[in-house]
Amino acid sequence: MTTWLRAAALAAGLALIGFGLYGLLTDPYLTDPAQVLTWAVGALVLHDAVWLPLLCLVGARLARGPVLRGWLIVVAAVTAVGLPAVLRADDDHGNPSLLPLPYLRNWLAVLAATAALALVIGLVRRWLRPRPVSRREGRS
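Quick caveat: nothing in here was measured; it's all calculated off a predicted structure. (Residues numbered from 1 in each chain as written. Predicted model: local features only at pLDDT ≥ 70, side-chain atom pairs only at ≥ 80, totals over all residues. Heavy atoms only, no water.)

**With respect to the overall build of the protein chain**
Turning to step 1, where the next piece is worked out: Each helix and strand counted, the protein chain has five helices and zero strands in total.
Turning to step 2, where the next piece is worked out: The order of α-helices and β-strands along the protein chain, N terminus first, is α-α-α-α-α.
Turning to step 3, where the next piece is worked out: Computed over its C-alpha atoms, the radius of gyration of the protein chain comes to 23 Å, more than 25% above the 14 Å expected for a compact globule of 140 residues.
Turning to step 4, where the next piece is worked out: Expressed along its principal axes, the backbone C-alpha trace of the protein chain runs to roughly 80 × 55 × 25 Å.
Turning to step 5, where the next piece is worked out: Out of the 140 residues in the protein chain, the part that is buried amounts to 9%.
Turning to step 6, where the next piece is worked out: A sequence separation of at least 24 residues applies to 41% of the contacts in the protein chain between residues at least 6 apart. (Helix = DSSP H or I, 4+ residues; strand = E, 2+ residues; numbered from the N terminus. Rg over C-alpha atoms; globule rule 2.2 N^0.38 Å. Buried < 20%, exposed > 50% of the residue type's maximum accessible area, 1.4 Å probe, protein only. Contact = heavy atoms within 4.5 Å.)

**Quick word on the environment of G59**
Turning to step 1, where the next piece is worked out: Here G59 shows up in helix α2 (residues 33-62).
Turning to step 2, where the next piece is worked out: Owing to a relative accessible area of 8%, G59 belongs among the buried residues under this scheme.
Turning to step 3, where the next piece is worked out: Taking C-alpha positions, G59 is 8.1 Å from I73, a pair spaced 14 residues apart along the chain.

**Some words on the packing of helix α3 (residues 66-87) against helix α4 (residues 103-128)**
Turning to step 1, where the next piece is worked out: Put simply, α3 and α4 touch, their axes get as near as 10 Å, and they point 170° apart. By the criterion of interaxial angle, the relationship of α3 to α4 is roughly antiparallel. Here P66, V67, W71, V74, V75, V78, T79, A85 and V86 of α3 lie close against α4, whose contacting residues are Y103, L104, W107, V110, L111, T114, A115, A118, I121, G122 and R125.
Turning to step 2, where the next piece is worked out: Of the residues belonging to the contact of α3 with α4, the class tally is 16 nonpolar, three polar and one charged. (Axes fitted to C-alpha atoms, helices over the stretch in contact; angles between N-to-C directions. Parallel < 35°, antiparallel > 145°, perpendicular 65-115°, else oblique. Nonpolar A, V, L, I, M, F, W, Y, C, P; charged D, E, K, R; others polar.)

**Notes on the packing of α2 against α3**
Turning to step 1, where the next piece is worked out: Packing of α2 against α3 brings their axes to within 10 Å, and their N-to-C directions diverge by 145°. Seen from above, α2 lies across α3 with right-handed handedness. For the pair formed by α2 and α3, the contact residues are W51, L55, G59, A60 and L62 on the first element and L68, R69, L72, I73, A76 and A80 on the second.
Turning to step 2, where the next piece is worked out: Taken together, the residues of the contact of α2 with α3 break down into nine nonpolar, one polar and one charged. (Left-handed = near helix turned anticlockwise from the far one by under 90°.)

**So, the nonpolar core**
Turning to step 1, where the next piece is worked out: Among the nonpolar cores identified, the biggest contains six residues, and these are V75, A85, V86, Y103, W107 and L111.
Turning to step 2, where the next piece is worked out: Put simply, the parts of the chain that give this core at least two residues each are α3 and α4.
Turning to step 3, where the next piece is worked out: With residues up to four places along the chain from it excluded, the contact list for L111 reads W71, V75 and V78. (Core = buried A, V, L, I, M, F, W, Y, C linked by side-chain atoms within 4.5 Å.)

**Describing α2**
Turning to step 1, where the next piece is worked out: Its 30 residues give α2 an end-to-end C-alpha distance of 41 Å, which sits within 8% of 44 Å, the value for a rise of 1.5 Å per residue.
Turning to step 2, where the next piece is worked out: A maximum bend of about 35° is found in α2 at H47. (Expected span 1.5 Å × (residues − 1). Bend = angle between axes of the 7 residues up to and from the residue.)

Honestly, it's all geometry; don't read function into it.
Take a look at the structure:
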């Protein structure tokens, strides 16, 4: 059963890669597919050679528990995506519809909500953890 699932996942992944490459090579708006390929390779190298090792190092050094580590990964991903908008929030060049939302407030709200969720998960995990039996309780 597992072999069939893996084969199906592999076939689906290869089909999606083929569809993406077909779209890249036939899209009339992309005048230079090599430039897109260069950007994709650069993003892959940046992710695998810089971002991921840095995230793993920080997680291994600062976070001992899986919940905190998971939350740090969420924080890193949300920050990587949202930080450009947060930093350019007041840079609208006279066009107030360019960056119309309160990005700093929203970014902090997402961080607070994910921190609260991580705290709840951590407390539930601690509450559900079996407690060791003390010597006094065992000698009744």
